[in-house]
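Inside the fold
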Amino acid sequence: SHAPVLPAPEFVGKTSAGPRGDFVHELDELTGRLLDVIDSLGIDSKTLVLFNSDNGPETIHTDWMRLDHNHDAAGGFRGMKRDGWEGGHRVPLIARWPGRIPAGQVSRQLTNTTDIFATVASVVGYELPDDVAVDSYDMLPAMLGTRDEQDSIRPYMRTQSFRGEFQIRKGDWKYLDHSVS
């Protein structure tokens, strides 16, 4: 979500956390409705649902939520959207596929939104040519729990802040190519 956060009229005032909280509540409600429809159509076990964000929380909302509601959308990590710190890049990727992905499965694999491409290709059994999606890695083994967590699928992650500053992360280590002030 981006500023300004404008929840649909039916969700305005549904939480005590202001427009941002109402918007998050709306997202939760609509996601539940979607999952209910998938279930009612009888395609639950045939449907992979992926939910993620492209980056950390919006700057202005992070400040508001921290000050007004004692909530840290960056999960305690330094930074937020558009910068090179972990709070700007660590976001959940939630995958749901009943009967395939074990309930409660958690992975610490380093992954990127670009990896959705190779993962979906793997799900449908399509082998990508070597020159297609070269920055995409198949995360299906991590989702299914068939890959040893110590065996990294993605060898490294390169990110860039809005200032053009680059970062490279490998395992627990991260190199920031800019001042750390």
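Preceding this section is the structure that the text describes.
**Points about the overall build of the protein chain**
In terms of regular secondary structure, the protein chain is built from five helices and five strands. Its helices and strands taken in sequence order, the protein chain reads α-β-α-α-β-α-α-β-β-β from the N to the C terminus. In the protein chain, buried positions account for 29% of the 181 residues. Long-range pairs, those at least 24 residues apart, make up 50% of the contacts in the protein chain with a sequence separation of at least 6. Here the protein chain displays about 11700 Å² of accessible surface, and carbon together with sulfur accounts for 55% of that area. Put simply, the protein chain has 19 plus and 27 minus side-chain charges, and the middle of one group is 3 Å from the middle of the other.

**So, the packing of aromatic side chains**
Counting across every chain of the model gives zero aromatic pairs. Of note, R78 hangs over the ring of W85, and the distance from its end group to the ring centre comes to 3.7 Å. Against the face of W97 rests R100, its NZ or CZ located 4.4 Å from the ring centre.

**Section: unusual backbone geometry**
Phi is positive for N70, which is not a glycine, with a value near 50°. Considering the arrangement of structural elements, one finds N70 in the loop between α2 (59-69) and α3 (86-89). Of note, the phi angle at R82 is positive, near 80°, even though the residue is not glycine. As for its position among the elements, R82 is in the loop between α2 and α3. With a relative accessible area of 34%, R82 lands in the partly exposed category.

**Some words on the pairing of strand β5 (residues 173-176)**
Pairing of strand β4 (residues 166-170) with β5 involves four bridges; the strand directions are antiparallel. Within β5, the position partnered with R169 by the bridge is K174. Counting the residues that bridge the hairpin from β4 to β5 gives two residues, and of these G171 lies at a positive phi of roughly 60°.

**Quick notes on the side chain of E26**
With respect to the helices, strands and loops of the structure, E26 is situated in helix α1 (residues 18-40). For the buried E26, which has no salt bridge, the nearest side chain bearing the opposite charge is R33, at an N-O separation of 7.6 Å.

**Let's talk about the sheet that holds strand β3 (residues 157-160)**
If you walk across this open sheet you meet the three strands as β3-β4-β5, and the pairing is antiparallel. Sheet topology places β3 and β5 at the edges, where each strand pairs with a single neighbour. The mean angle between the axes of side-by-side strands here comes to 20°, regardless of whether they run parallel or antiparallel. Of the strand pairs in this sheet, β3 and β4 are connected by four bridges, and their pairing is antiparallel. Bridged to Q160 within β4 is F166.

**Re the pattern of salt bridges**
Within the structure shown, the criterion is met by 11 salt bridges. Note that R154 is salt-bridged to D115, the shortest N-O span being 2.7 Å. Placement of the pair is R154 in the loop between α5 (140-144) and β3 and D115 in helix α4 (residues 115-123), with a sequence separation of 39 residues. The class of D115 is buried, set by a relative accessible area of 1%. One connected set of salt bridges, linked through shared partners, spans E86, R90, R169 and K174.

Basis of the calculations
- Residues numbered from 1 in each chain as written.
- Predicted model: local features only at pLDDT ≥ 70, side-chain atom pairs only at ≥ 80, totals over all residues.
- Heavy atoms only, no water.
- Helix = DSSP H or I, 4+ residues; strand = E, 2+ residues; numbered from the N terminus.
- Buried < 20%, exposed > 50% of the residue type's maximum accessible area, 1.4 Å probe, protein only.
- Contact = heavy atoms within 4.5 Å.
- Areas by Shrake-Rupley, 256 points an atom, 1.4 Å probe, with all protein chains shown as cover.
- Lys, Arg positive; Asp, Glu negative; His and termini not counted.
- Charge placed at Lys NZ, Arg CZ, Asp CG, Glu CD.
- Phe/Tyr/Trp six-rings, centres within 6.5 Å; stacked < 30°, edge-to-face > 60°.
- Lys NZ or Arg CZ within 6 Å of the ring centre and 35° of its normal.
- Pairing = 2+ DSSP bridges.
- Salt bridge = Lys/Arg side-chain N within 4 Å of Asp/Glu carboxyl O.
- Axes fitted to C-alpha atoms, helices over the stretch in contact; angles between N-to-C directions.

On their own, these measurements won't tell you what the molecule is for.
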